[in-house]
Amino acid sequence: MTYSQVIEGVYLSSVVNLKDRFDESFRFANHFFRLRNPEEVSDPLTIRFALAWEPENDAFAGYPNIEMVSSIGAGVDNIMRCSSLSKDTIVTRVCDHEQAHEIAEFAVWHVIWYHRNMRQYFTNESNHKWHWVDRIPVRDCMVGILGYGFMGQSVAKALVALGFPVIAACRTVRNNCDNLDVTLMSGPNSIRNTAERSNILINLLPLTTETQHILDADLFRVMPKASVLIQMGRGEHLVEKDLIEALDNGKLSAATIDVFCKEPLPPEHQYWDDPRIMVTPHDASESSISAVAQQVTSCVYDLARGIVPRFAIDRRYGY
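Now for a look at the structure at hand. The residue count restarts for each chain, going from 1 along the sequence in the order it is written. For this predicted model, a pLDDT threshold of at least 70 governs which residues receive local features, and a threshold of 80 or more governs which side-chain atom pairs are given and counted, while totals over whole chains, interfaces and linings are taken from all residues. Processing note: side-chain calculations cover all non-hydrogen atoms of the structure and skip hydrogens and water entirely.

## Remarks on the overall build of the chain
Secondary structure follows DSSP: runs of H or I at least 4 residues long count as helices, runs of E at least 2 residues long count as strands, and numbering of each begins at the N terminus. Along the chain, the regular secondary structure elements total 9 helices and 12 strands. Throughout, radius of gyration means the C-alpha value; the globule benchmark is 2.2 Å times the number of residues raised to the power 0.38. Relative to a compact globule of 319 residues, whose C-alpha radius of gyration would be 20 Å, the chain shows 22 Å and is just as compact. In terms of overall dimensions, the chain has a C-alpha envelope of 70 × 45 × 35 Å along the principal axes. Relative accessibility decides the category of a residue: with a 1.4 Å probe and only protein chains considered, values under 20% of the type maximum give buried, values over 50% give exposed, and everything between is partly exposed. Expressed as a percentage of the 319 residues in the chain, the buried residues total 49%. Throughout, a contact is declared for two residues whenever any of their heavy atoms are within 4.5 Å. Considering only intrachain contacts with a sequence separation of at least 6, the fraction spanning at least 24 residues in the chain is 64%. Throughout, the Shrake-Rupley method with a 1.4 Å probe supplies accessible areas, and for residues the shown protein chains are the sole cover considered. Approximately 16,400 Å² of the chain is accessible, and the part contributed by carbon and sulfur atoms is 50%. When charges are counted, neither His nor the chain ends are considered; positive counts come from Lys and Arg and negative counts from Asp and Glu. Taken as the charge location is NZ of Lys, CZ of Arg, CG of Asp or CD of Glu. Averaging the coordinates of the 30 positive side-chain charges in the chain and doing the same for the 40 negative ones gives two points 5 Å apart.

Below is the structure:
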């Protein structure tokens, strides 16, 4: 397929130098499309698409002909909340199998850490104590997953392989196409119904108006006593003070938090010194540069052909 005109694009981010990170990976497609930093764009009216991550709120205002914005990750909430984004603009995300494996790896490590009470072994070691640590059988440790999309299914598959019973909340009724032994909950009460059965609850939900602050006192209240939270979604999902309250009253026994409303997490934040909370620096997984380049390229090809890009989100739902 040949193209008579190069499609123009722009890098838009307030936190990452996207050109330094991705420009080399797009060189193979320079005959077809071109990405530049804003200061390199001579005519904003020629820009048809953007590669973005945490763009400024007015980032799209200067490019009235943008038809598509591609995220460099699986999440698009940082783009969707920009008031300058037109309601008609296509938004695409990355669906990276390697990233999904990293998410599963992270989740499984933490599930095992909590199920086997590994922190107690460290305490015993420091006190020179030779003690076995109690644990419940794997079959009795229900792991709940909030969000059963690309990432959630990868996590579920890994946990089922280890013998954990798994229950997952998804927005719509669906068939278990991989024939995994997973109990699927759907509908308006699916998140609550999943949480109330979960000894370990993993959050992988996208951030939408419906899921903001979903991890709150009301949800923790229905969970089994001394359950555990593994928070891998978005910082705005969690009501921080409610987590501390749930830990203090024994409803939760521990938590791993990988995402925060304010990042980096300030040094004075109380989570750092709370032994019940494991803090990780939003590092559960990352899309590979090659996967981003390949999928963005395919989306630009689709855009040029006038078809909906294969990695486009459904803007009605925000993901």
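There is more to say, and it comes next.
## Quick word on the packing of aromatic side chains
Stacked, tilted and edge-to-face are the three classes assigned to paired rings of Phe, Tyr and Trp, where Trp is represented by its six-membered ring and a pair needs centres within 6.5 Å; plane angles under 30 degrees give stacked, over 60 edge-to-face, the rest tilted. Scanning the entire structure with this criterion turns up 8 aromatic pairs. Look at Phe-260 and Tyr-271: their rings are 6.4 Å apart centre to centre, the planes differ by 55°, and that puts the pair in the tilted class. Here the residue Phe-260 occupies a position in the loop between strand 11 (252–257) and strand 12 (277–279), and Tyr-271 occupies one in the loop between strand 11 and strand 12, the gap between them amounting to 11 residues. Each member of the pair, Phe-260 together with Tyr-271, is buried. Taken together, the ring pairs connect Phe-22, Phe-26, Phe-32, Phe-33, Phe-49 and Tyr-301 into an aromatic cluster. Placement of a positive charge over a ring is assigned whenever Lys NZ or Arg CZ falls within 6 Å of the ring centre and within 35 degrees of the normal to the ring plane. Lying across the ring of Tyr-317, Arg-171 places its NZ or CZ 3.7 Å from the centre.

## Some details on the sheet that holds strand 10 (residues 227–231)
Think of it this way: DSSP has to see at least two bridges between two strands before they count as a pair. Read across the sheet, 7 strands follow the order 8-7-6-9-10-11-12 without closing on themselves; strand pairing throughout is parallel. Each end of this open sheet is capped by a strand with a single partner; those strands are strand 8 (182–186) and strand 12. Pairs of neighbouring strands in the sheet enclose a mean axial angle of 15°, with direction left out of account. With 4 bridges joining them, strand 6 (residues 143–146) and strand 9 (residues 200–203) adopt parallel strand pairing. Bridged to Val-143 within strand 9 is Ile-200. Seen against the sheet, helix 8 (residues 240–248) touches strand 10, strand 11 and strand 12 and runs at an angle of roughly 145° to strand 11. Where helices are involved, their axes are fitted lines through C-alpha atoms of the stretch in contact, as for all axes, and angles between N-to-C directions lie from 0 to 180°.

## Re helix 9 (residues 289–305)
The span expected for a helix works out to 1.5 Å for each residue beyond the first. The terminal C-alpha atoms of helix 9 lie 25 Å apart, and with 17 residues this matches the ideal 24 Å at 1.5 Å per residue to within 8%. Here helix 9 has its buried residues at Ala-291, Val-292, Ala-293, Gln-295, Val-296, Thr-297, Ser-298, Cys-299, Val-300, Asp-302 and Leu-303. Tucked into the core, helix 9 has its buried residues touching strand 1 (7–13), helix 1 (18–22), strand 2 (33–36), strand 3 (47–53), strand 4 (68–71) and strand 5 (90–92).

## Some words on unusual backbone geometry
Backbone torsion omega between Glu-263 and Pro-264 reads -5°, so that peptide bond is classified as cis. For Pro-264, the location among the structural elements is in the loop between strand 11 and strand 12. The phi dihedral of Glu-54 is positive, around 50°, even though this residue is not glycine.

## So, the pattern of salt bridges
For this analysis, a salt bridge means a side-chain nitrogen from Lys or Arg found within 4 Å of a carboxyl oxygen belonging to Asp or Glu. Under the counting rule described, the total for this entry stands at 16 salt bridges. The residue Glu-67 makes a salt bridge to Arg-48 at a minimum N-O spacing of 2.6 Å. Here Glu-67 is found in the loop between strand 3 and strand 4, whereas its partner Arg-48 is found in strand 3, with 19 residues between them in sequence. With its nearest N and O atoms 3.1 Å apart, the salt bridge here joins Asp-242 to Lys-241. Counted as one network, the salt bridges with shared partners bring together Glu-54, Asp-77, Arg-81 and Arg-234.

## Looking at the side chain of Asp-96
Tracing the sequence through the fold places Asp-96 in the loop between strand 5 and helix 3 (97–115). Buried and unpaired, Asp-96 has Arg-21 as its nearest opposite-charge partner, separated by 9.9 Å. The definition of a polar contact used here is a pair of N or O atoms within 3.5 Å, where within protein one atom must be able to donate a hydrogen and the other to accept one, and adjacent residues in sequence count solely through side-chain atom pairs. A polar contact is formed between the side chain of Asp-96 and the backbone nitrogen of Glu-98, at a distance of 3.0 Å. Reaching out from Asp-96, the side chain makes a polar contact with the backbone nitrogen of Ser-288 at a distance of 3.0 Å. Filtering out sequence-adjacent residues up to four positions away, Asp-96 remains in contact with Phe-150, Glu-286, Ser-287, Ser-288, Ala-291 and Gln-295.

## Points about a negative patch on the surface
Taken together, the side chains of Glu-98, Glu-102, Glu-105 and Asp-283 define an acidic patch exposed on the protein surface. Considering the arrangement of structural elements, one finds Glu-102 in helix 3. Patch criteria: residues need more than 30% relative accessible area and no salt bridge. Like-charged residues are merged within 9 Å; nonpolar side chains of Val, Leu, Ile, Met, Phe, Trp and Tyr are merged within 5 Å.

## Topic: the nonpolar core
Working definition of a nonpolar core: buried Ala, Val, Leu, Ile, Met, Phe, Trp, Tyr and Cys residues. They are joined through side-chain atoms within 4.5 Å. One finds Val-155, Leu-159, Ile-202 and Met-232 to be the most contacted residues of the largest nonpolar core, which totals 32 residues. Of all elements in the fold, only helix 3, strand 6, helix 5 (150–161), strand 7 (166–170), strand 9 and strand 10 reach the threshold of two or more residues within this core. The element that contributes the greatest number of residues to this core is helix 3, accounting for 9 residues. The contact partners of Val-155, leaving out residues within four places of it in the chain, are Ile-103, Ala-104, Ala-107, Ile-145, Ile-202 and Leu-204. Counting 26 residues, the second-largest nonpolar core is a separate cluster that includes Leu-219, Met-223, Leu-238 and Ile-244.

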